[in-house]
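Remarks on the overall topology
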Amino acid sequence: MRVYRALGGVWLRLACCGLVILSLAGCGDSGPASSGAPTTVRRLTQEQYATIVADIFGSDITIKGRFDPDVREEGLLAIGTSHVSITPASLEQYDSLARSIAAQVVDEKHRDLLVGCRPASKAAPDDVCARQFLSEVGRQLYRRPLTDSEIATQVKVADDATRAIGDFYYGLETSLAILLESPRFLFREEIAESDPDNSGGFRLNAYSRASRLSFFLWNTAPDDALLAAAENGDLDSERGRARQVDRMLASPRLKAGVRAFFTDMLGFDTLGGLAKDPQIYPKFTATLAGEAQEQTLRTITDHLVTRKGDYRDLFTTRRTFLSPLLASIYQVPIQARKGWEAHEYPDGDPHTGIVTEVSFLALHSHPGRSSSTLRGKAVREILLCQAVPTPPANVNFSIVQDTKNTNYRTARDRLTAHRTQPTCAGCHKIIDPIGLSLENFDGLGALRQQENGAPIDDSGQLDAMQFSGAVGLGKTLHDSPAATACLVNRIYGYASGHLPAKGEVEWIKYLQDRFAADGYRVPDLMRRIAISDAFYKITIPPNSPTQANSGAGKAPSMERKS
Amino acid sequence: MQPIFNLDRIRCLTLAVSAVGIFATAASAAETRGFAISWFQPAYYAGDDDCPAGVSQEIDWKEVFAKEGKTPAEIQALFEHPLSPDFQKAALGRGPHGENVCADPASLPDSSWKTVQGKQAYGANLDGTQDGTATPNSCTHQKFTGIDGTPAVDNQLYRVMGCSKIHRGSKAKDGHDAFGIEYLNERMREGLVTYLIEITGIDDIRNSNNVQVGIYQGADPLVQDGAGGVQADSTMRIAADTRWQATVRGRIKDGVLTTDPVDFNLRGEAVWLPEFHFKRAQLRLEFQPDGSLKGHLSGYQDWASIYWGMAKTGFLLEKFSAGNCPAMYNAFQRMADGDPDAKTGQCTTISSAYGVEAVPAFLIHPAETKGNKTAQAAEPANTVAAR
């Protein structure tokens, strides 16, 4: 691609585009140079762990256990997973899980299908069969081929266990359990190598590229075709990557990837702990949080993936999906007795976009009342990527918490009084006017016209833009360059595991421009990121042991197995 | 700045839905509202002067057995196994010729059943008289004064059952907490039966002088909310069977809905009453600030069905519910005040009242329901959803 850029001319691009065999991405410019960022080591999320196990062994393998919670950094768990370890208690969980999964894989119900070979004797070691199974499964679990040394170790473990018990499958089970609780499986370890196109520079090696790509697009480990592409060098070029990326974007599994990203970006991990006062919000039940999340994720994937819609329209769309429980909260009829039903609100309805869904409105409210402050803060931080300072420790919240004070019947009244405290005014000034536009939705997300008998004023403001109600807020977010820029930042951070580094700023700006030029189509943005060289560029931090050992630009590299 | 939408207007706009859930754009001037009944149980008051002789007690079986001529030793033997078939046979077979008195209650003249002596009860004036004088449609009976002061209230079911031990609730709970009357309500809230109300033609929720009220069996179980109540705003289907559907003219005045008398049937539950057969029944329901309804359904019911509903449990009724089959039967017969038999003059129905609460719901009419006036043939399937 750099050759294309060096040669530059428009004629070349046109000529290039005339070649059917070349993808669009292979014809366009690759954008400004990017420095890349250091490699990351990210702990698998619980969902990724479960998906990988299901991918390899099937969905009937039961996974019982709960991992340590992930840590959110810079707005994303995907970045936080780079900075977490495994606690002793968690290790016990992983160990228990690994043993349980391994036992199921080799039990009599599954062994013929999942092991793939039969030992000469069930009571004695069979190195050929053990090697075949462990090599194959190990490649999928480690997301790269096992080294000869690793295979020999795993086979020896299986042999020793077989001899000790007199059961070949127990031997396999023992060795498989070790693979399943290995850091090589539990952590997404990225390995850099010298970049042949950039003297002195580094890039992810092919298997790390495959992993980054797969977790980005599908939220799971690379499949066999992607690992094969890594093995044969297809992922070394944009064109080769484009073939794999296009295959993956065309897969139904793209929805899983998009869901995982928005689950992270929208902070849905906290929905599980959502609590509401049942006396105030009797429609809040144990199942509501899950259904609220599902509604928004269905809305998003339907719009972005199925309909290939404009990201900005997520803030104004009237199309959504409803369960019977959610329909009762939104006060609309539903034909479905269970499950989900597509629904489109009529023109003029205040339900517009994902910020008017329960997943946003209830999550960013208090247990017994709505919160313009929390909602405004969420819009700033989650949708616009803007930092809001934490409140000082000595704030007096008595006025805003007293919803029965007849002097301050509405949230606007209470917040107006609260803002008279100088220490509070600064922050509330930038967040409350956003959230106040959503005051026509109570703390659960149901429509209301009054609070304590007083009519609700739903006027709002975001920076210089003044508007009315949820419809106005949705349109303002739709037209906000900050919202689309935020999405690009977040999706890149999610995919790469780090905040854009200083040397990546121009590349991110370029992505933002291209996102706009592409009609704000998220799959197009994902494609552009996934096939780019920039996505896989690595910088080695000065004075790092790696750098010190790498000599003249030589980075440690996992040996590619032919 | 004022809200740019109006919730009531939105509700109007959502009245008509097509089979695929697409909203119609046209909205009629009149509003339709649907409701799911969330509370339904006999309205038995608990006045201080209702039962001066106390409430019913379990029959003195030793006395019964002695009257039957059993020796002390035989009685002692029976009491060694008080739930045995022998005990039950001896207990129920106390008719003059050994008849089972629950199956043949008329065989034993027994006027010992304690009836309500108080002056107040829930209900409505069903016979139109001020003093309970017999009319072509009613038998002579005593009137109550309504709890809210309504004069000449008829509720003879309460008069019969109000001093039954298991039907007598506490004053603190306004009589609602008696096991015998909670039973139906609890089964309903668990999902056994669903009753729906639809009010169409509402011009003004406070005052509309001509509305149509539909009373329907629901096809979907009630949904419980997080606070243990019935979830409002659920979508409920109306059962297709026209036996459980009725419509009646009504009016709303000062936020209170009242209806003309109407006959209708609803499915009940096995223990209390498998089927309700209401005659000349009236609704009086008041709109609450949260959009729900609260009030009473008053009407005549076939008293023999109520008796048989309870008496079918036989020994269980008499042993564990302080019942007395022949005494209760005779009390029903004496107190029955509606629909005198053309030949005997014995009234065949009894006035009653049921407490009713209903939460807003969206109602879906069955696709093809013959005889259903609201879901007309010209409309597409599942046409009308109302809240």
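Residues numbered from 1 in each chain as written. Chains lettered and ligands numbered in written order. Predicted model: local features only at pLDDT ≥ 70, side-chain atom pairs only at ≥ 80, totals over all residues.

Here we look at the overall build of chain B
Heads up, the rule is: The secondary structure listing takes helices from DSSP runs of H or I that are at least 4 residues long and strands from runs of E that are at least 2 residues long, numbered from the N terminus. Remark: C-beta atoms are placed from the backbone, and a residue is labelled buried if 20 or more other C-beta atoms sit within 10 Å of its own, exposed if 12 or fewer do, or partly exposed between those counts. A pair of residues counts as a contact when their C-beta atoms, built from backbone coordinates, are within 7 Å of each other.
Along its length, chain B carries nine helices and 14 strands. The buried share of chain B, taken over its 387 residues, is 47%. Long-range contacts, defined here as pairs at least 24 residues apart, represent 65% of the contacts in chain B between residues at least 6 apart.

Concerning the overall build of chain A
Defined as follows: Put simply, the radius of gyration uses C-alpha atoms, and a globule should come to 2.2 Å times the residue count raised to 0.38.
Secondary structure summary: chain A contains 27 helices and 11 strands in total. Relative to the compact-globule value of 24 Å for 562 residues, chain A shows a C-alpha radius of gyration of 26 Å, a close match. Expressed as lengths along the three principal axes of its C-alpha atoms, the size of chain A is roughly 80 × 65 × 50 Å. Here chain A, with 562 residues, has 48% of them falling under the buried criterion. Taking contacts inside chain A between residues at least 6 apart in sequence as the whole, the part at least 24 apart equals 68%.

Re the pairing of strand 10 (residues 465-468) of chain A
When a strand is regular, its side chains alternate between the sheet's two faces. All names here are of chain A. The line we're drawing: One requirement defines pairing of two strands: DSSP has to find at least two bridges between them.
Of the pairings in the sheet, the one linking strand 9 (residues 459-462) to strand 10 comprises four bridges and is antiparallel in character. From the neighbouring strand, Q461 faces strand 10, where its bridge partner is Q466. Linking strand 9 to strand 10, which pair antiparallel, is a turn of two residues; within it D463 sits at a positive phi near 55°.

Points about the packing of helix 12 (residues 206-218) of chain A against helix 14 (residues 238-249) of chain A
Residues and elements named next belong to chain A. Definition in use: Lines are fitted to the C-alpha atoms to define the axes, a helix being fitted only along its stretch in contact, and any angle between axes, read from their N-to-C directions, falls within 0 to 180 degrees. Comment on the angle field: the value is read as roughly parallel under 35 degrees, roughly antiparallel over 145, roughly perpendicular from 65 to 115, and oblique elsewhere. In this scheme, a crossing is called left-handed if the near helix is turned counterclockwise away from the far one by less than a right angle; it is called right-handed if the turn is clockwise. Classes in brief: Ala, Val, Leu, Ile, Met, Phe, Trp, Tyr, Cys and Pro nonpolar; Asp, Glu, Lys and Arg charged; the others, Gly included, polar.
The geometry of helix 12 relative to helix 14 is characterised by a closest axis approach of 10 Å and an angle of 25° between their N-to-C directions. Between helix 12 and helix 14, the crossing angle belongs to the class labelled roughly parallel. Crossing handedness for the pair helix 12 and helix 14: right-handed. Touching L213, L217 and W218 of helix 12 are Q244, V245, M248 and L249, all from helix 14. Its residues placed into classes, the contact of helix 12 with helix 14 shows six nonpolar, one polar and no charged.

Here we look at the pairing of strand 8 (residues 256-259) of chain B
Residues and elements named next belong to chain B. Of the two faces of strand 8, the one holding L257 and T259 is buried and the one holding V256 and T258 is not buried anywhere. Pairing of strand 7 (residues 245-253) with strand 8 involves four bridges; the strand directions are antiparallel. Across the sheet, the residue bridging to K253 is V256, located in strand 8. When strand 8 meets strand 10 (residues 273-287), the two strands line up antiparallel, connected through three bridges. Considered in strand 10, the bridge of T258 is made with R284.

Side note on helix 6 (residues 179-189) of chain B
Spacing of three or four residues puts side chains on the same side of an α-helix, whose turn is 3.6 residues. Burial in helix 6 of chain B covers these residues: B:G180, B:I181, B:L184, B:N185, B:M188 and B:R189. Downstream of helix 6 of chain B by a residue or two, B:G191 has a phi angle that is positive, lying close to 110°.

Things to note about the sheet that holds strand 4 (residues 202-204) of chain A
Residues and elements named next belong to chain A. With antiparallel pairing, three strands are arranged side by side in an open sheet as 3-4-11. With one partner strand each, in any of the chains shown, strand 3 (192-194) and strand 11 (537-538) form the two edges of the open sheet. Sheet analysis places strand 4 next to strand 11, joined by two bridges and oriented antiparallel. From the neighbouring strand, F202 faces strand 11, where its bridge partner is I538.

A look at the packing of helix 14 of chain A against helix 26 (residues 522-531) of chain A
Residues and elements named next belong to chain A. Where helix 14 contacts helix 26, the axes come no closer than 9 Å and their chain directions differ by 145°. The crossing of helix 14 and helix 26 is right-handed. From helix 14, E238, R241, A242, V245 and L249 reach across to helix 26, where they touch P523, R527, A530 and I531. Of the residues that constitute the contact of helix 14 with helix 26, the class distribution is six nonpolar, no polar and three charged.

A short note on the nonpolar core
The condition is simple: By convention the nonpolar core is taken to be a set of buried residues drawn from Ala, Val, Leu, Ile, Met, Phe, Trp, Tyr and Cys and joined through C-beta atoms within 7 Å.
Core analysis: the biggest nonpolar cluster contains 99 residues, and A:A210, A:I491, A:L511 and A:A530 have the highest contact counts within it. A:I491 has contacts with A:F261, A:L525 and A:M526, leaving out every residue within four places of it along the chain. B:V101, B:M161, B:F276 and B:V356 belong to the second-largest nonpolar core, a separate cluster that totals 89 residues.

Some points on the domain arrangement of chain A
Note the following rule: Marked domain ranges trace back to an automatic or database domain assignment.
By the assigned domains, chain A splits into domain 1 (86-188) and domain 2 (260-478). Spacing between the C-alpha centres of domain 1 of chain A and domain 2 of chain A amounts to 48 Å.

A short note on helix 10 (residues 168-180) of chain A
All names here are of chain A. Put simply, the test is: Expected helix span is taken as 1.5 Å per residue step, with the number of steps being one fewer than the number of residues.
Here helix 10 contains 13 residues, and its C-alpha end-to-end distance of 18 Å stays within 8% of the 18 Å for a straight helix at 1.5 Å per residue. Among all positions in helix 10, only F168, Y169, G171, L172, E173, T174, S175, L176, A177, I178, L179 and L180 are buried. Looking at the packing, one finds that the buried side of helix 10 touches helix 6 (88-106), helix 7 (111-114), helix 8 (127-142), helix 9 (148-165) and helix 11 (183-186).

Concerning the domain arrangement of chain B
Residue and element names in this part refer to chain B. Its domain assignment divides chain B into domain 1 (7-20 + 29-56 + 115-386) and domain 2 (60-112). For domain 1 versus domain 2, the separation of C-alpha centres amounts to 37 Å. The partner domain 2 presents 12 residues to the 11 residues of domain 1 that form the contact. For the side of domain 1 that touches domain 2, the secondary structure elements donating two or more residues are helix 8 (315-320) and helix 9 (325-335).

Some points on the confidence of the model for chain A
All names here are of chain A. Here is the rule: Across the chain, each position has a pLDDT score giving the predictor's confidence in that residue, from 0 to 100.
Chain-level pLDDT for chain A is 88 on average; 90% of the residues reach the 70-or-more range. Within chain A, helix 15 (residues 254-265) carries the highest mean pLDDT (98), whereas helix 1 (residues 2-7) carries the lowest (31). Here residues 1-27 scores under 50 on pLDDT; set against residues more than four positions off or in separate chains, the count is 25 contacts. Under a pLDDT of 50 for its full length, residues 547-562 has, in the predicted model, 28 contacts with residues more than four places off or in other chains.

As for the environment of A:L97
All names here are of chain A. As for its position among the elements, L97 is in helix 6. The class of L97 is buried, set by 21 C-beta atoms lying within 10 Å. When the C-alpha positions of L97 and E181 are compared, they lie 8.4 Å apart, and in sequence the two are 84 residues distant. Discounting chain neighbours no more than four positions away, the residues touching L97 are I63 and G65.

Looking at the confidence of the model for chain B
For residues with low pLDDT, the predicted coordinates do not support detailed interpretation. Residue and element names in this part refer to chain B. Residue-level pLDDT values for chain B average 87, and 88% of them are 70 or greater. Throughout residues 1-28 the model reports pLDDT below 50, and contacts reaching past four residues in sequence, or to other chains, amount to 48 contacts. Taken as a whole, residues 368-387 scores under 50 in pLDDT and shows 55 contacts with residues more than four places along the chain or in a different chain. Here the complex is predicted with pTM 0.82, and the ipTM for its interfaces comes to 0.75.

What about the environment of A:R212?
All names here are of chain A. Within the secondary structure, R212 is located in helix 12. By the C-beta count within 10 Å, which is 25 here, R212 ends up buried. Each residue touching R212, except ones within four places of it in the same chain, is listed here: L204, A495 and Y536.

Considerations on the environment of A:F202
With respect to the element layout, A:F202 can be found in strand 4. Considering only alpha carbons, one finds A:F202 and A:T285, 83 residues apart in sequence, at a separation of 51 Å.

Overview of unusual backbone geometry
All names here are of chain B. A positive phi angle, close to 55°, is found at A152, a residue other than glycine. In this fold, A152 is placed in the loop between strand 3 (145-146) and helix 5 (156-161). Phi is positive for D254, which is not a glycine, with a value near 50°. Among the structural elements, D254 can be located in the loop between strand 7 and strand 8. Residue D254 is classed as exposed on the basis of its 8 C-beta neighbours within 10 Å.

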